[in-house]
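Listed here are the chains, written in short residue letters.
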Amino acid sequence: MPSLQLNKLTKQFAEHTALHEVSLTVRDGEIFTLLGPSGCGKSTTLWSIAGLHRPDSGSIAFGDRVVFDHGHVNIEPEHRNCGVVFQSYAIWPHLSVAANVGYPLKLRKTPKAERDRRVREVLELVELGRHADRYPHELSGGQQQRVALARALAHPPDLLLLDEPFSNLDAKLRDRSRQWLKTLQSQVGVTTVFVTHDQDEALSVSDRVAVMDQGKVRQVGTPTEIYEHPADLFVADFVGTANILAATVVEADGAHAVLRVDGVGEPLKVPHTDRRLGPVRICIRPENIEIQRGGGDVRRPHHTLTAKVDNQAYLGDHYRYTIRIGGTPVIVTTTRPAATGELTVSLPPDDIRVFHEEADSNEENHHAPVH
Ligand SMILES: Nc1ncnc2c1ncn2[C@@H]1O[C@H](COP(=O)(O)OP(=O)(O)OP(=O)(O)O)[C@@H](O)[C@H]1O
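Nothing here was measured: the structure is a model prediction, and the numbers come from that model.

Thresholds, definitions, all that
- Residues numbered from 1 in each chain as written.
- Predicted model: local features only at pLDDT ≥ 70, side-chain atom pairs only at ≥ 80, totals over all residues.
- Helix = DSSP H or I, 4+ residues; strand = E, 2+ residues; numbered from the N terminus.
- Buried ≥ 20, exposed ≤ 12 C-beta atoms within 10 Å, placed from the backbone.
- Contact = placed C-beta atoms within 7 Å.
- Near = placed C-beta within 6 Å.
- Nonpolar A, V, L, I, M, F, W, Y, C, P; charged D, E, K, R; others polar.
- Pairing = 2+ DSSP bridges.
- Axes fitted to C-alpha atoms, helices over the stretch in contact; angles between N-to-C directions.
- Domains from an automatic or database assignment.
- Core = buried A, V, L, I, M, F, W, Y, C linked by C-beta atoms within 7 Å.

**Observations regarding the overall build of the protein chain**
Within the protein chain, the secondary structure is distributed over eight helices and 22 strands. For the protein chain, the spread of C-alpha atoms along the principal axes amounts to about 80 × 50 × 35 Å. Relative to its 371 residues, the protein chain shows a buried fraction of 37%. The contacts in the protein chain between residues at least 6 apart in sequence include a share of 65% that link residues at least 24 apart.

**Details of the site of the ligand**
Around the ligand, the surrounding shell consists of Phe 13, His 16, Ala 18, Gly 36, Ser 38, Gly 39, Cys 40, Gly 41, Lys 42, Ser 43, Thr 44 and His 197. Sorting the residues of the shell around the ligand by element identifies β2 (16-26) and α1 (42-50) as the ones contributing at least two each. Looking at the shell around the ligand, its residues break down into three nonpolar, eight polar and one charged.

**Things to note about the sheet that holds strand β18 (residues 311-314)**
Hydrogen bonds between backbone atoms are what pair the strands of a sheet, whose relative direction is either parallel or antiparallel. Spatial ordering of the open sheet is given by β18-β19-β20, a layout of three strands whose pairing is antiparallel. Each edge of the sheet is formed by a strand with only one pairing partner; in this case those strands are β18 and β20 (328-334). Adjacent strand axes in the sheet meet at a mean angle of 20 degrees, parallel and antiparallel pairs treated alike. Examined bridge by bridge, strand β19 (residues 319-325) and β20 share seven bridges and lie antiparallel to one another.

**Points about the domain arrangement of the protein chain**
Along its sequence, the protein chain is carved into domain 1 (4-233) and domain 2 (241-352). The straight-line distance from the C-alpha centre of domain 1 to that of domain 2 is 40 Å.

**Considering the pairing of strand β13 (residues 256-261)**
Because side chains alternate across β13, one face comprises the buried residues Ala 257, Leu 259 and Val 261, and the other comprises His 256, Val 258 and Arg 260, none of which is buried. Strand direction decides the pairing type here: strand β12 (residues 243-252) and β13, joined by five bridges, are antiparallel. Pairing of Ala 247 across the sheet is with Val 261, part of β13. From the end of β12 to the start of β13, which pair antiparallel, there are three residues, and Gly 254 there has a positive phi angle of about 95 degrees. Here β13 runs beside strand β14 (residues 268-271); their pairing, made up of four bridges, is antiparallel. By the bridge assignment, Ala 257 is partnered in β14 with Val 270.

**A closer look at the pairing of strand β21 (residues 342-346)**
Taken residue by residue, a regular strand's side chains alternate between the two faces of the sheet. Residues of β21 alternate between two faces, with Leu 343 and Val 345 buried on one and Glu 342, Thr 344 and Ser 346 left unburied on the opposite face. Here strand β16 (residues 290-291) pairs with β21 via two bridges, running antiparallel. Residue Ile 291 lies in a different strand from β21, and its bridge partner there is Val 345. Both strand β17 (residues 304-308) and β21 contribute to a ladder of five bridges, which runs antiparallel. By the bridge assignment, Thr 306 is partnered in β21 with Thr 344.

**A short note on the sheet that holds strand β11 (residues 216-221)**
As summarised here, the arrangement of the six strands in space is β7-β8-β9-β3-β10-β11, forming an open sheet in which the pairing is mixed. The two strands at the open ends of the sheet, each matched to only one other strand, are β7 (82-85) and β11. Across this sheet, the average inter-strand angle for adjacent strands is 15 degrees, counted without regard to direction. The sheet contact formed by strand β3 (residues 31-35) and strand β9 (residues 191-196) spans five bridges and is parallel. Counterpart to Ile 31 in the pairing with β9 is Thr 192. Taken strand by strand, helix α4 (residues 141-154) contacts β7 and β8 (159-163), and its axis lies near 170 degrees from that of β7.

**Details of the environment of Val 217**
Turning to its location among the elements, Val 217 is positioned in strand β11. Overall, the presence of 25 C-beta atoms within 10 Å leaves Val 217 in the buried class. Residues Val 217 and Gly 83, spaced 134 residues apart in sequence, show a C-alpha to C-alpha distance of 24 Å.

**Examining the nonpolar core**
Counting residues in hydrophobic clusters, the biggest one holds 92 residues, and the most contacted among them are Ala 150, Leu 161, Val 193 and Ile 282. Counting residues per element, this core draws most heavily on α4, at seven residues. For Val 193, the contacting residues outside a window of four places in its chain are Leu 4, Val 26, Phe 32, Leu 34, Leu 46, Ile 49, Leu 159 and Leu 161.

**Let's talk about α1**
When you tally the buried positions in α1, you get eight out of nine residues, the bulk of the element. Directly after α1, the chain includes Gly 51, whose backbone phi takes a positive value near 95 degrees.

Shown next as structure tokens:
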């Protein structure tokens, strides 16, 4: 299976720049997700890979095969050998499940016996073997989606391209479909590019994720890297819940920084490689803020603070409290309920990420996890 290389893709729609020098490398056999808010250029990237959009500059290669090089090469979509599944399943309503799945093979003039064998094989793969003779209107949304996926896999594609394939499914089915896709993809081993605006989906299905914003790639990394070491405040805020607080770096030696956080009495010493002093913003995840319980018998770190609970909610598998630190609302989550009224919390230094104002102007850094 080939890898995929996008090199400085730019795409303009009238005055609007949908892609701005997007460069990405997708490794052989991985599920690579394009994640970002609506309009950030995810679909434009996917469509450019499929050959359905023609970028204004840049190049695209599947392994050694250049499929697009602006002004030189532009292989037609049907010759790129991508299996594509979009949000709307686009399966033929007047064809049976088996005929839908066999359609790409028929187009390629695959002999009937071989076609039938392959259709049976991929329908088994998507667990629809028993439904080969049904028509789309006799299937659930999730089953129709699997027909679309089976059709994309019928003629083994070099790349599988999935654009929000589960967004029409209800929450439970969507969750099941993600697990199922991950298993299926590991069996088939096909290099897959997956588009979603849903961070849970991105974190749960992907080997690696590219976070996009306004036509640019902000960060590429594994789900853990993206979540635990976001490259900038945009990524921190878009992926998961981020508490963002104003702070000032008062000392920095290249390994650690000493911070004063508005509303926290004691300074905090956090791991940080930047030596610059001055105002910063810090990010801390709700589950990393430690609730100090049981009063005097608990050993309290220096940087604890007590704050009134503004708001609290029970969410089945966890509790969520909102407190204020230096006037800023801060969310704290825990699996065990805490005392009502007030919380005493501490901010674990290792879980604090520090961002200087211009952090997002340095593009090179976005491709490496920031530690
Ligand atoms: N055919 C088009 N003509 C004009 N503008 C377009 C066209 N296709 C996309 N755009 C614009 O380009 C930008 C990127 O669109 P794109 O569909 O790639 O975003 P997306 O990240 O996939 O968003 P969504 O999650 O909403 O599908 C958007 O601002 C969109 O309005």
